[in-house]
Amino acid sequence: MSGRSIVSRNPYTGQIIKEFPFITNNELGQKIEKAYQAYLYNRKVNLKTRCDKLLQVARLLEQNAESYGRLIATEMGKPISQAIPEVKKSANQCKFYVQHSEKFCRPDRVKTEARKTLVEYHPLGAIYHLTPFNFPIWLCAKGCVPSLLLGNTILHRNSDSTPLCGLALEELFQEAGFEEGEFQNVFTSHEQAETVLSHPYVRGLCFTGSSKAGGTLGAIAGKYCKKSVLELGGSDPFIVMKDADIELAVNLAIQARLQNAGQVCIAGKRFIIHADVYERFRDKLVEKVHDIKLGDPLKPETQMGPLARPDLVENIDKQVKQAIKEGGNLLYGGKRPEGEEFEKGNFYMPTIIEVQNGNIITKEETFGPVFALMKAKNEEEIVTLANDTPYGLGCAIVSRDTDRAEEIGERIEAGSVFINDTVKTDSRVPAGGVKYSGHGRELGQFGITEFANVKTVWVK
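Every value quoted in this text rests on a predicted model; they were computed, and no experiment measured them. (Residues numbered from 1 in each chain as written. Predicted model: local features only at pLDDT ≥ 70, side-chain atom pairs only at ≥ 80, totals over all residues. Heavy atoms only, no water.)

Novice: Got a minute to help me understand the overall build of the protein chain in this structure?
Specialist: Helix and strand counts for the protein chain come out as 16 helices and 18 strands. Relative to its length of 460 residues, the protein chain is compact, with a C-alpha radius of gyration of 23 Å against a globular reference of 23 Å. In terms of overall dimensions, the protein chain has C-alpha extents of about 65 × 60 × 40 Å along its principal axes. Buried residues in the protein chain amount to 59% of all 460 residues. When contacts within the protein chain are restricted to residue pairs at least 6 apart in sequence, those whose partners lie at least 24 apart make up 72%. The centroid of the 58 positive side-chain charges in the protein chain is displaced by 5 Å from the centroid of its 58 negative side-chain charges. (Helix = DSSP H or I, 4+ residues; strand = E, 2+ residues; numbered from the N terminus. Rg over C-alpha atoms; globule rule 2.2 N^0.38 Å. Buried < 20%, exposed > 50% of the residue type's maximum accessible area, 1.4 Å probe, protein only. Contact = heavy atoms within 4.5 Å. Lys, Arg positive; Asp, Glu negative; His and termini not counted. Charge placed at Lys NZ, Arg CZ, Asp CG, Glu CD.)

Novice: Help me understand the sheet that holds strand β17 (residues 438-439) in this model?
Specialist: Note on sheets: strands pair through backbone hydrogen bonds, and any given pair is parallel or antiparallel. The sheet built from 6 strands is open, its strands ordered β7-β6-β5-β8-β9-β17 with mixed pairing. One side of each edge strand has no neighbouring strand; the edge strands of this open sheet are β7 (183-185) and β17. Sheet topology note: the strand β6 (residues 153-157)/β7 ladder contains 3 bridges and is parallel. Following the sheet pairing, leucine 155 is matched in β7 by glutamine 184. (Pairing = 2+ DSSP bridges.)

Novice: How do you make sense of a negative patch on the surface when you look at a structure like this?
Specialist: There is a patch of like negative charges on the surface, built from Asp401, Asp403, Glu406 and Glu410. Here glutamate 410 falls in the exposed class, since its relative accessible area comes to 69%. (Patch = residues over 30% accessible without salt bridge, like charges linked within 9 Å, V, L, I, M, F, W, Y side chains within 5 Å. Areas by Shrake-Rupley, 256 points an atom, 1.4 Å probe, with all protein chains shown as cover. Salt bridge = Lys/Arg side-chain N within 4 Å of Asp/Glu carboxyl O.)

Novice: Explanation requested: the state of the cysteines in the structure shown.
Specialist: A covalent bond bridging the sulfur atoms of two cysteines is what the word disulfide describes. In the structure shown here, the tally under the stated rule is 0 disulfides. Between cysteine 140, a free cysteine, and cysteine 144, which holds the nearest cysteine sulfur, the sulfur-to-sulfur gap is 3.8 Å. Judged by its relative accessible area of 0%, cysteine 140 falls in the buried class. The thiol of cysteine 165 is not disulfide-bonded; the next cysteine sulfur, from cysteine 140, is found 10 Å away. On the basis of relative accessibility, which here comes to 0%, the residue cysteine 165 falls in the buried class. (Disulfide = S-S within 2.5 Å.)

Novice: I would appreciate a short explanation of the pattern of salt bridges in the present structure.
Specialist: As a working rule, side chains carrying opposite charge can pair if their charged atoms are close by. The full count for this structure, using the stated rule, is 27 salt bridges. Salt-bridge contacts for arginine 157 lead to aspartate 160; the nearest nitrogen and oxygen are separated by 2.6 Å. We note that arginine 157, like aspartate 160, is buried. Residue arginine 404 is joined to glutamate 407 by a salt bridge in which the shortest nitrogen-to-oxygen separation is 2.4 Å. On the criterion of helical spacing, the pair formed by arginine 404 and glutamate 407 is a turn pair, its members being 3 residues apart in helix α15 (residues 402-410).

Novice: What is the right way to look at the nonpolar core in this model?
Specialist: For soluble globular proteins, nonpolar side chains are generally found buried alongside one another. Of all hydrophobic cores here, the largest spans 122 residues; its most connected members are Phe238, Ile239, Val240, Phe281, Leu285 and Phe371. With near-sequence residues (within four places) excluded, valine 240 lies in contact with Ile246, Ala249, Ile272, Ile273, His274, Val277, Phe281 and Val398. Core analysis: the second largest hydrophobic core is formed by 20 residues, Ala35, Leu155, Ala193 and Leu197 among them. (Core = buried A, V, L, I, M, F, W, Y, C linked by side-chain atoms within 4.5 Å.)

Novice: Looking at this model, I keep getting lost on helix α7 (residues 163-175). Mind explaining?
Specialist: It helps to recall that an α-helix has 3.6 residues per turn; residues three or four apart then point in one direction. Relative to the 18 Å expected for 13 residues at 1.5 Å per residue, α7 spans 18 Å between its end C-alpha atoms, a close match to the ideal helical length. What α7 keeps buried is the set Pro163, Cys165, Gly166, Ala168, Leu169, Glu170, Leu172 and Phe173. Positive backbone phi, at 120°, marks glycine 177, one or two positions downstream of α7. (Expected span 1.5 Å × (residues − 1).)

Novice: Even after reading the chapter, I still don't get the pairing of strand β16 (residues 416-419), so can you show me in this structure?
Specialist: Within a regular strand, side chains alternate between the sheet's two faces. The two faces of β16 differ: Ser416 and Phe418 on one face are buried, but Val417 and Ile419 on the other face are not. Relative to β16, strand β15 (residues 394-398) runs parallel, the two sharing 4 bridges. Each residue of the ladder has a partner; that of isoleucine 397, found in β16, is isoleucine 419. At this point the chain moves from β15, through α15, to the parallel β16, and the crossover so formed is right-handed. (Right-handed = clockwise from strand over helix to strand, strands pointing away.)

Function cannot be inferred from these measures alone, as they are strictly geometric.
Right, dumping it as structure tokens:
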């Protein structure tokens with residue numbers, strides 16, 4: 001078994017809440033068998049019944065949004081003002097798929113020379129679903145809700161640092177009516193990933209996390225010919241064109257970079273600013289970041305809480321120090337905040353650094369509250385800098401000329417481009433990346449079809 005443990009630790013106080021052992025291979029085998037039997041049951045349940053259960057999930061999330069939000073804030077440090085909206089967004093995910101269940105799940109009729117030609121969507125079986133700590137409720141709902149709607153079942157593996165959220169989710173789905181083992185939480189070790197994915201009853205892998213871990217898991221899934229959807233790391237460009245509304249650009253930049261203390265895959269990370277407005281943007285950003293309130297994530301006035309784990313603070317501090325060593329000009333932050341309130345927590349100050357392309361924080365993903373500012377002399381250099389990354393998750397562009405921004409966006413190698421807004425996930429549109437940011441898509445109709453047996457039926 002892995003030497004790592006599954007520990008729920010309050011990132012604000014440093015106190016251990018509860019520890020859990022990894023599941024034994026025997027227990028894991030029993031859960032996989034149960035997931036398969038639940039699949040045989042769930043695939044036969046009529047669509048309306050599955051919809052009713054998901055609507056009950058939505059009701060329970062909405063009724064208990066504050067308690068789930070407090071659990072998120074306590075276990076991984078997200079401010080309560082952001083945690084409660086995460087829970088409500090997850091409820092809306094359930095309602096969206098119920099609303100579109102007929103459209104997404106019913107067969108499509110195709111006109112051919114045959115008497116009847118159908119494209120049908122059938123469940124695959126049990127899906128191994130792994131989510132990280134940063135959105136412990138939403139990232140579960142994002143992938144699991146459409147799979148359950150279609151008739152698949154879920155073996156859900158939450159992060160090592162958010163086990164209580166994983167258990168709460170299992171209880172939630174059971175209370176909503178998924179009582180046959182359709183959704184099970186599993187505390188698997190890294191070594192057990194192959195045990196799960198090699199099992200014939202497990203038919204797919206859905207993973208959100210780092211590119212390194214995703215590559216390893218994707219390789220195991222491929223070895224056993226299992227479908228995988230991977231949403232991995234990002235180093236998203238946030239582009240400010242020369243005609244941008246600077247006040248809007250700065251406000252969006254702060255929202256994009258400091259939400260959840262920067263622990264967001266689709267966060268803006270490389271801020272590419274046209275030279276004509278660079279100084280105005282930089283100075284306004286420093287001014288506004290200075291006023292960001294750090295503190296107890298359970299207080300409603302807190303804008304940025306602690307990072308989820310001590311090693312994340314160490315990693316981001318190491319990257320910042322290396323960035324400065326490589327010539328970066330530190331404008332703000334670059335250290336842990338001072339004061340008694342911050343002594344026990346995993347805090348790191350919002351940090352702004354001017355860098356040249358090739359600096360470590362333009363090449364590696366920075367999973368923390370760090371702005372890497374780069375000046376671009378023209379639009380061509382903006383596109384070149386934006387695409388000069390191994391990642392390709394999202395991109396934000398701020399410009400008054402939206403038609404021109406769309407033309408720039410067409411040239412960006414990313415899974416999504418948001419103009420005059422931050423990059424975000426939305427139930428209505430697909431989400432995912434290219435290059436080292438992964439493959440496959442979630443949300444929209446893709447949330448159904450990625451883990452479906454898309455079957456052609458031809459009747460002559």
